[in-house]
Amino acid sequence: MMNGLWAGMMLVGIVWGIFHGTLAEVTDGAIKSAGEAVSLCITMLGVMSLWTGILEIGNRAGLIDRLCRRMGPIMKFLFPRLPKNHPASNSIAVNMIANMLGMGWAATPAGLQAMKELEELEESRREENNSLTKAVPKGTANNEMCTFLIINISSLQLIPVTMIAYRAQYGSVDPAGVVGPALAATMVSTAAGVIFCKIMDRNTD
């Protein structure tokens, strides 16, 4: 779908340039943007390497495990049906920590692992409960999956590293000036997401 969307936008741009006699500008813009994309990727590679390295150091030092344990009450509140010490809890906590530090790319592997473990949990529940198997089609996301996805999308960010890197790349005089607004916006979005999840959880009980 995304391939079709991007191809469609490119085609519209080319057709627009042909009909308005600005095809040369369209071509120049495409070449310039391609160069900027490569430069931005190099910048982001350095930033993400730094923060991923810090995350790995914290993991080997046991800091991540400590933070995950400290997040126990939060995890219990957000995922009340998730069994205690389930492997998905650690993956979800790592994903949330990485997102709070603005490392969306570094958070992705933990997020995928969490979804896989939540899916396995749902399969085990289906095997134990035949009535659940009949009532809920296979492949249906459970409450934990939906809650995790919403929390992941709302993504409370203490340090929006990616946005700071973008602003620095394009010459912002104060790249870190977005920290306050980003924190306020993501606090509101996360709070709204949590409230929505709790309401829906209550409706499905």
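This is a predicted model, so every value here is computed, not measured.

## Regarding the side chain of Asn-95
Turning to step 1, where the next piece is worked out: Assignment of secondary structure puts Asn-95 in helix H5 (residues 87-100).
Turning to step 2, where the next piece is worked out: Asn-95 has contacts with Ala-107, Thr-108, Ala-110, Gly-111, Phe-148 and Asn-152, leaving out every residue within four places of it along the chain.

## Some remarks on helix H9 (residues 161-169)
Turning to step 1, where the next piece is worked out: Of the residues making up H9, those classed as buried are Val-161, Thr-162, Ile-164 and Ala-165. The buried side chains of H9 occupy one side of the element, clustering within an arc of 160 degrees when seen end-on.
Turning to step 2, where the next piece is worked out: Trailing H9 by a residue or two, Gly-171 shows a phi angle of about 80 degrees, which is positive.

## Quick word on the packing of aromatic side chains
We describe a pair of aromatic rings using the distance from one ring centre to the other and the angle between the two ring planes.
Turning to step 1, where the next piece is worked out: Counted under the stated rule, the structure contains zero aromatic pairs.
Turning to step 2, where the next piece is worked out: A cation over an aromatic ring shows up here: Lys-198 above the ring of Phe-77, its NZ or CZ 4.4 Å from the ring centre.

## Looking at the environment of Glu-25
Turning to step 1, where the next piece is worked out: Mapped onto the elements of the fold, Glu-25 is located in helix H2 (residues 23-60).
Turning to step 2, where the next piece is worked out: Given the relative accessible area of 51%, Glu-25 is considered exposed.
Turning to step 3, where the next piece is worked out: Sequence separation between Glu-25 and Val-38 is 13 residues, and the spatial gap between their C-alpha atoms is 20 Å.

## Here we look at the confidence of the model for the chain
Turning to step 1, where the next piece is worked out: The share of residues in the chain with pLDDT of 70 or more is 91%, and the mean pLDDT across the chain is 80.
Turning to step 2, where the next piece is worked out: For the chain, the element scoring lowest by mean pLDDT is helix H7 (residues 130-135), at 53; helix H8 (residues 143-154) scores highest, at 87.

## Section: the packing of H5 against H8
Turning to step 1, where the next piece is worked out: Relative to each other, H5 and H8 sit at 15 degrees, their axes nearing to 10 Å. Comparing their axes, H8 and H5 come out roughly parallel. As H5 runs across H8, the sense of the crossing is left-handed. Residues Ile-92, Asn-95, Met-96 and Asn-99 of H5 lie in contact with H8, whose contacting residues are Phe-148, Ile-151 and Asn-152.
Turning to step 2, where the next piece is worked out: Partitioned by chemical class, the residues of the contact of H5 with H8 number four nonpolar, three polar and no charged.

## Regarding the side chain of Thr-186
Turning to step 1, where the next piece is worked out: When you line up the elements, Thr-186 lands in helix H10 (residues 179-204).
Turning to step 2, where the next piece is worked out: Separated by 3.2 Å, the side chain of Thr-186 and the backbone nitrogen of Gln-157 make a polar contact.
Turning to step 3, where the next piece is worked out: If we skip the residues at most four places from it in the chain, Thr-186 touches Ser-154, Ser-155, Leu-156 and Gln-157.

Calculation criteria
Residues numbered from 1 in each chain as written. Predicted model: local features only at pLDDT ≥ 70, side-chain atom pairs only at ≥ 80, totals over all residues. Heavy atoms only, no water. Helix = DSSP H or I, 4+ residues; strand = E, 2+ residues; numbered from the N terminus. Contact = heavy atoms within 4.5 Å. Buried < 20%, exposed > 50% of the residue type's maximum accessible area, 1.4 Å probe, protein only. Arc of directions from axis to C-beta. Phe/Tyr/Trp six-rings, centres within 6.5 Å; stacked < 30°, edge-to-face > 60°. Lys NZ or Arg CZ within 6 Å of the ring centre and 35° of its normal. pLDDT = per-residue confidence, 0-100. Axes fitted to C-alpha atoms, helices over the stretch in contact; angles between N-to-C directions. Parallel < 35°, antiparallel > 145°, perpendicular 65-115°, else oblique. Left-handed = near helix turned anticlockwise from the far one by under 90°. Nonpolar A, V, L, I, M, F, W, Y, C, P; charged D, E, K, R; others polar. Polar contact = N/O pair within 3.5 Å; in protein donor to acceptor, adjacent residues only side chain to side chain.

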